[in-house]
Amino acid sequence: MPSSLSHGYRHVPDGGGGVMRRLTPVALAIAAACGSSADAAPMNKAMAVSYVNGIMPVMDQRTYVHALLDQFEARYSSAGGQFRYDGQAWFGSDYNKLWLKSEGTVGTDGRFGDGDHEILYDRSVSRYFDVQSGVRLDIDRGPTRAWGAIGLQGLALYFFDAEATFYFSDRGVAARLTGSYDIFITNRLILQPQAELNFYSNSDSARGVGRGLSDIDAGLRLRYEWHRKIAPYIGVTYSNMFYENRFFQKTFSQTGNGVNFTFGIRSWF
């Protein structure tokens, strides 16, 4: 017996076969669309997510660790030499960080000087700058001094690394301005000018600090990043004391002042 169901246009008389051939694809498309819309509606409703002001969230609350040993160098001149280090590290998110800074020198006599160690809370206030506040401790061969600290750190115009920090204690106020800039000669060969200025409102003869513009430390370093995280460098540095500090320089027999030939390693992780 012939099948009671149609199995295509071959089982339909010629009078209706053309109609079936024209309607079947259209009907199937309409049915599929209706079916998919009916199934998608509850699914879309279940998967709908609302955002504040329609803005999708950004994954900016993860915590990171970063450390930079910017200067780890030996300095030599006709007057003597010294070893100097300058580094910082932070832990936190894009907005809130715990920031540590430390720098100091070791003279030819093996004594530790210019020790400056800071513990700061860092808060991002714009795309390029952070506000920092905390405590600075001067710990080295001299008497220990404690300061409160507040300042700004970030990228200034044309991507200069800049820091401006103010310090206060019962001995007066102080300030430090630091800046550096990376000039890319090639992707790995980088020339970096750098300068640091220190100011004090009052003298501190026990630590060899004079009032006003106390001292300057500047340099021009050429580094080669043979590995992105380790870069040896050579350069020329200049350090000097001003006004009252010139007397302290002789009293404390400090070496490494003036123009120095410098070489060292810069590293980060």
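Bear in mind that the values here come from a model prediction, so they are computed numbers and not experimental data. (Residues numbered from 1 in each chain as written. Predicted model: local features only at pLDDT ≥ 70, side-chain atom pairs only at ≥ 80, totals over all residues. Heavy atoms only, no water.)

Participant: Could you clarify how one ought to interpret the environment of Glu225 in this entry?
Facilitator: Note on placement: Glu225 falls in the loop between β11 (212-224) and β12 (230-241). Overall, the relative accessible area of 8% leaves Glu225 in the buried class. For the pair Glu225 and Arg266, spaced 41 residues apart in sequence, the C-alpha to C-alpha distance is 8.9 Å. Here Glu225 is in contact with Asn187, Arg188, Ile190, Ile230, Ala231 and Arg266, once residues within four sequence places are set aside. In terms of polar contacts, Glu225 uses its side chain to reach the side chain of Arg223, at 3.3 Å. (Helix = DSSP H or I, 4+ residues; strand = E, 2+ residues; numbered from the N terminus. Buried < 20%, exposed > 50% of the residue type's maximum accessible area, 1.4 Å probe, protein only. Contact = heavy atoms within 4.5 Å. Polar contact = N/O pair within 3.5 Å; in protein donor to acceptor, adjacent residues only side chain to side chain.)

Participant: Mind showing me how you'd approach the nonpolar core here?
Facilitator: Burial of nonpolar side chains together is a common tendency in soluble globular proteins. Formed by Trp90, Trp99, Leu120, Trp147, Ala149, Tyr167, Ala174, Tyr200 and Val209, the largest nonpolar core amounts to 9 residues. Filtering out sequence-adjacent residues up to four positions away, Trp99 remains in contact with Gln88, Ala89, Trp90, Glu118, Ile119, Leu120, Asp122, Asp130, Gln132 and Gln153. (Core = buried A, V, L, I, M, F, W, Y, C linked by side-chain atoms within 4.5 Å.)

Participant: Can you help me understand the pairing of strand β5 (residues 129-138) in this one?
Facilitator: When a strand is regular, its side chains alternate between the sheet's two faces. Two elements, strand β4 (residues 112-124) and β5, share 8 bridges in a ladder whose sense is antiparallel. Bridge assignment links Ser124 to a residue of β5, and that residue is Asp130. Counting the residues between successive antiparallel strands, the hairpin from β4 to β5 contains 4 residues. Here 10 bridges tie β5 to strand β6 (residues 145-156), and the two strands are oriented antiparallel to one another. (Pairing = 2+ DSSP bridges.)

Participant: Can you help me understand the environment of Leu197 in this one?
Facilitator: Here Leu197 lies in strand β10 (residues 189-200). Judged by its relative accessible area of 25%, Leu197 is partly exposed. In the structure, Leu197 is positioned 17 residues away from Ser214 in sequence and 7.8 Å away in space, judged by C-alpha atoms. Among residues more than four places away in sequence, those in contact with Leu197 are Ala175, Arg176, Leu177, Leu213, Asp215 and Ile216.

Participant: What's the story with the packing of aromatic side chains in this structure? I'm lost.
Facilitator: One pair of aromatic rings is described through two measures. These are the centre distance and the angle between the planes. Tallied over the entire structure, the rule returns 8 aromatic pairs. Ring geometry for Tyr85 against Phe112: centres 6.4 Å apart, planes inclined by 15 degrees, an arrangement best described as stacked. One end of the pair, Tyr85, is in strand β2 (residues 80-92); the other, Phe112, is in strand β4, and 27 residues separate them in sequence. For the ring pair Trp90 and Trp99, a centre distance of 6.2 Å and an interplane angle of 35 degrees mean the geometry is tilted. Note on accessibility: Trp90 and Trp99 belong to one class, buried. (Phe/Tyr/Trp six-rings, centres within 6.5 Å; stacked < 30°, edge-to-face > 60°.)

Participant: Which parts of the structure should I look at to understand the pattern of salt bridges?
Facilitator: Two side chains bearing opposite charge may form a pair once their charged atoms approach each other closely. The tally for this structure, following the rule as stated, stands at 20 salt bridges. Salt-bridge contacts for Lys97 lead to Asp130; the nearest nitrogen and oxygen are separated by 4.0 Å. Separated by 33 residues along the polypeptide, Lys97 in strand β3 (residues 96-107) and Asp130 in strand β5 bring together distant segments of the chain. Each member of the pair, Lys97 together with Asp130, is buried. (Salt bridge = Lys/Arg side-chain N within 4 Å of Asp/Glu carboxyl O.)

Participant: Sorry if this is basic, but what is going on with a nonpolar patch on the surface here?
Facilitator: On the surface, Tyr76, Ile183, Ile185, Leu222, Ile234, Phe261 and Phe263 cluster together into a nonpolar patch covering about 650 Å² of accessible area. By relative accessible area, which is 30% here, Leu222 ends up partly exposed. (Patch = residues over 30% accessible without salt bridge, like charges linked within 9 Å, V, L, I, M, F, W, Y side chains within 5 Å. Areas by Shrake-Rupley, 256 points an atom, 1.4 Å probe, with all protein chains shown as cover.)

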